[in-house]
Amino acid sequence: LYYFGLYGRAESIRILLNHAGIEFENVTVSGATFAEFKADTTKCPFGQVPVLEIDGKFLAQGGAILRYLGGLHGYYPEDLEQRFKTDEACDLASDFVMPVVTNHFRTKDAEEKKEGWANLLTDHYPKFFAFFEKILTENSSQDFLVGDSYTIADFALLSVYGSVANHPLRKDEVLPILENYPTLKAYLEGKWEAQKDYFDSRDECSF
Amino acid sequence: LYYFGLYARGEPIRVLLNHAGVEYENVTLAGEAWAEFKADTTKCPFGQVPVLEKDGKFLAQGGAIVRYLGGLHGYYPEDLEQRFKVDETCDLVGDFMMPVATNHFKAKDAEEKKEGWANLLKDHYPKFFAFFEKTLKENSSQDFIVGDSYTIADFALLSV
């Protein structure tokens, strides 16, 4: 798995592979090594990472990779309605993380970034915590986002949780907001605990 | 199908439904009608459109809706490797569209927007046209993005 030294768009893949008990080589690219990788269109077909090298093929696009591995390892439902729910939750997780990423990486002005962060805490986090609280409450099980076993939606949300909420740089400000969403809080804490060995062993990244 | 008066995230769904010969009601929302719809969490579960109302259920998230309809109408492969190619292309289409949409709707002033557009024409468009050219050439058929029949990837790219 080729990616930057970030959780970012690779972490849901890493969490899935860990859960499935699959060994993989985690290759970090940056600066010169990324430029080199990016220039090799055999390895990096569309100039982006993550890329997964599997059976001699190079697969691009994080979401597509996650669905593929999900299909291979039983984390992507066969039933179309369950599958829809899984896709819907994955896309929501992306909508949750994107404005936080944009504020963190793309807002150049310190004042604007600070104000943006304050707005995220007041509006964005509560809004999305409420969405996932609703999904969990309406699901047959409150231990999973869809159905009664792990799907790629759980890996996607857990990945986002580790970047935008339960992260050393952010948790003091974000976790108090989560207190208002007890079902979601219990789910996230339970899932985090279940993969504890993995989360304790991973390198700390800014995002 | 509830959406704004735009192609954007509603169009892949419309293109698919047209190809499948499925009749549907295209509801355009704006201003007060949109505010009203958005406030109704039964109809609009996550405060966004498109939403597809089907068999009494309200489905959100354009990508998820397209995959669901794709699965129902035979536009989403069973084979995992073919399916991967479809997903990879759909995501690439998303990456193609976003910067153009952002420049169109979110550029701060006329000058920045004009410069942004010039850059898109010079760098972004050729880059992504090259990606899809490559995808088509490497496919078994050059008449489809993946395999030898319509998939949601074709509807997504056609929409964009």
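This structure is a prediction, so every number in the text was calculated from the model and none was measured.

Caption draft 1: Summary view of the overall build of chain B. Along its length, chain B carries six helices and four strands. Ordered by position in the sequence, the α and β elements of chain B form the string β-α-β-α-β-β-α-α-α-α. For chain B, the spread of C-alpha atoms along the three principal axes comes to 45 × 45 × 25 Å. Residues counted as buried form 43% of the 160 residues belonging to chain B. Within chain B, contacts between residues separated by at least 24 positions form 54% of all contacts whose residues are at least 6 apart in sequence. Carbon and sulfur atoms provide 53% of the accessible area of chain B, an area that totals close to 8,700 Å². One way to put it: in chain B the 17 positive side-chain charges average out to a point 5 Å from where the 25 negative ones average out.

Caption draft 2: The arrangement of the packing of helix α5 (residues 110-138) of chain A against helix α8 (residues 182-194) of chain A in detail. All names here are of chain A. At a minimum axis separation of 8 Å, α5 and α8 run at an interaxial angle of 80 degrees. By the angle between their axes, α5 is roughly perpendicular relative to α8. Where α5 abuts α8, its residues F129, F132, E133, L136 and T137 lie against P182, T183, L184 and Y187. When its residues are assigned to classes, the contact of α5 with α8 shows six nonpolar, two polar and one charged.

Caption draft 3: Examining the packing of aromatic side chains more closely. Residues and elements named next belong to chain B. In this structure the tally under the stated criterion is 35 aromatic pairs over all chains. Taking the centre distance of 5.8 Å and the plane angle of 70 degrees together, the rings of Y125 and F129 count as edge-to-face. Of this pair, Y125 and F129 both sit in helix α5 (residues 110-138), separated by four residues, roughly a single helical turn. Y125 gets classed as buried once you look at its relative accessible area, which sits at 18%.

Caption draft 4: Representation of helix α1 (residues 11-20) of chain B. Counting buried positions along α1(B) yields seven of ten residues, so the element is predominantly enclosed. Positive phi shows up at G21(B), right after α1(B), with a value of about 70 degrees.

Caption draft 5: Expanded view of the pairing of strand β4 (residues 57-60) of chain B. For strand β3 (residues 51-54) of chain B and β4(B), the ladder comprises four bridges, and the chain directions are antiparallel. Note that in β4(B) the partner of V51(B) across the bridge is A60(B).

Caption draft 6: Quick look at the pairing of strand β3 (residues 51-54) of chain A. All names here are of chain A. Where β3 meets strand β4 (residues 57-60), four bridges bridge the pair, whose relative direction is antiparallel. Paired with I54 across the two strands is K57, which belongs to β4. What sits between the antiparallel neighbours β3 and β4 is a turn of two residues, in which D55 has the positive phi angle 50 degrees.

Caption draft 7: Broad picture of the side chain of H124(A). Residue placement: H124(A) occurs in helix α5. Given the relative accessible area of 10%, H124(A) is considered buried.

Caption draft 8: Structural context of the environment of Q142(A). All names here are of chain A. Its place among the elements puts Q142 in the loop between α5 and α6 (152-164). Take Q142: its relative accessible area is 34%, and that puts it in the partly exposed class. When the C-alpha positions of Q142 and I54 are compared, they lie 34 Å apart, and in sequence the two are 88 residues distant. Ignoring any residue separated from it by four or fewer positions in sequence, one finds Q142 in contact with L136, T137, T183 and Y187. A polar side-chain atom of Q142 sits 2.9 Å from the main-chain carbonyl oxygen of L136.

Caption draft 9: Unusual backbone geometry, seen in detail. At the junction of V49(A) and P50(A), the peptide bond is cis and its omega measures out at 10 degrees in the coordinates. With an omega dihedral of 10 degrees, the bond running from V49(B) to P50(B) counts as a cis peptide bond. Structurally, the position occupied by P50(B) is in the loop between α2 (31-39) and β3. With phi around 35 degrees, A8(B) is a residue other than glycine that occupies positive phi space. Considering the arrangement of structural elements, one finds A8(B) in the loop between β1 (2-3) and α1. Since its relative accessible area comes to 29%, A8(B) is described here as partly exposed.

Caption draft 10: Region of the structure containing the interface of chain B and chain A. Contacts between the two partners involve 29 residues from chain B, matched on the other side by 29 residues from chain A. Approximately 2,700 Å² of surface area, both sides summed, lies buried where chain B meets chain A, with 59% of it carried by carbon and sulfur atoms. Counting across the chain B and chain A interface gives two salt bridges. Here E81(B) and K57(A) are joined by a salt bridge, their closest N and O atoms 2.9 Å apart. Inspection of the chain B/chain A interface yields ten residue pairs in polar contact (both at pLDDT 80 or more). When residues in the side of chain B that touches chain A are grouped by element, the largest group, nine residues, is from helix α4 (residues 80-106) of chain B.

Reading guide: rules and limits
- Residues numbered from 1 in each chain as written.
- Chains lettered and ligands numbered in written order.
- Predicted model: local features only at pLDDT ≥ 70, side-chain atom pairs only at ≥ 80, totals over all residues.
- Heavy atoms only, no water.
- Helix = DSSP H or I, 4+ residues; strand = E, 2+ residues; numbered from the N terminus.
- Buried < 20%, exposed > 50% of the residue type's maximum accessible area, 1.4 Å probe, protein only.
- Contact = heavy atoms within 4.5 Å.
- Areas by Shrake-Rupley, 256 points an atom, 1.4 Å probe, with all protein chains shown as cover.
- Lys, Arg positive; Asp, Glu negative; His and termini not counted.
- Charge placed at Lys NZ, Arg CZ, Asp CG, Glu CD.
- Axes fitted to C-alpha atoms, helices over the stretch in contact; angles between N-to-C directions.
- Parallel < 35°, antiparallel > 145°, perpendicular 65-115°, else oblique.
- Nonpolar A, V, L, I, M, F, W, Y, C, P; charged D, E, K, R; others polar.
- Phe/Tyr/Trp six-rings, centres within 6.5 Å; stacked < 30°, edge-to-face > 60°.
- Pairing = 2+ DSSP bridges.
- Polar contact = N/O pair within 3.5 Å; in protein donor to acceptor, adjacent residues only side chain to side chain.
- Buried area = accessible area lost by both parts, 1.4 Å probe.
- Salt bridge = Lys/Arg side-chain N within 4 Å of Asp/Glu carboxyl O.

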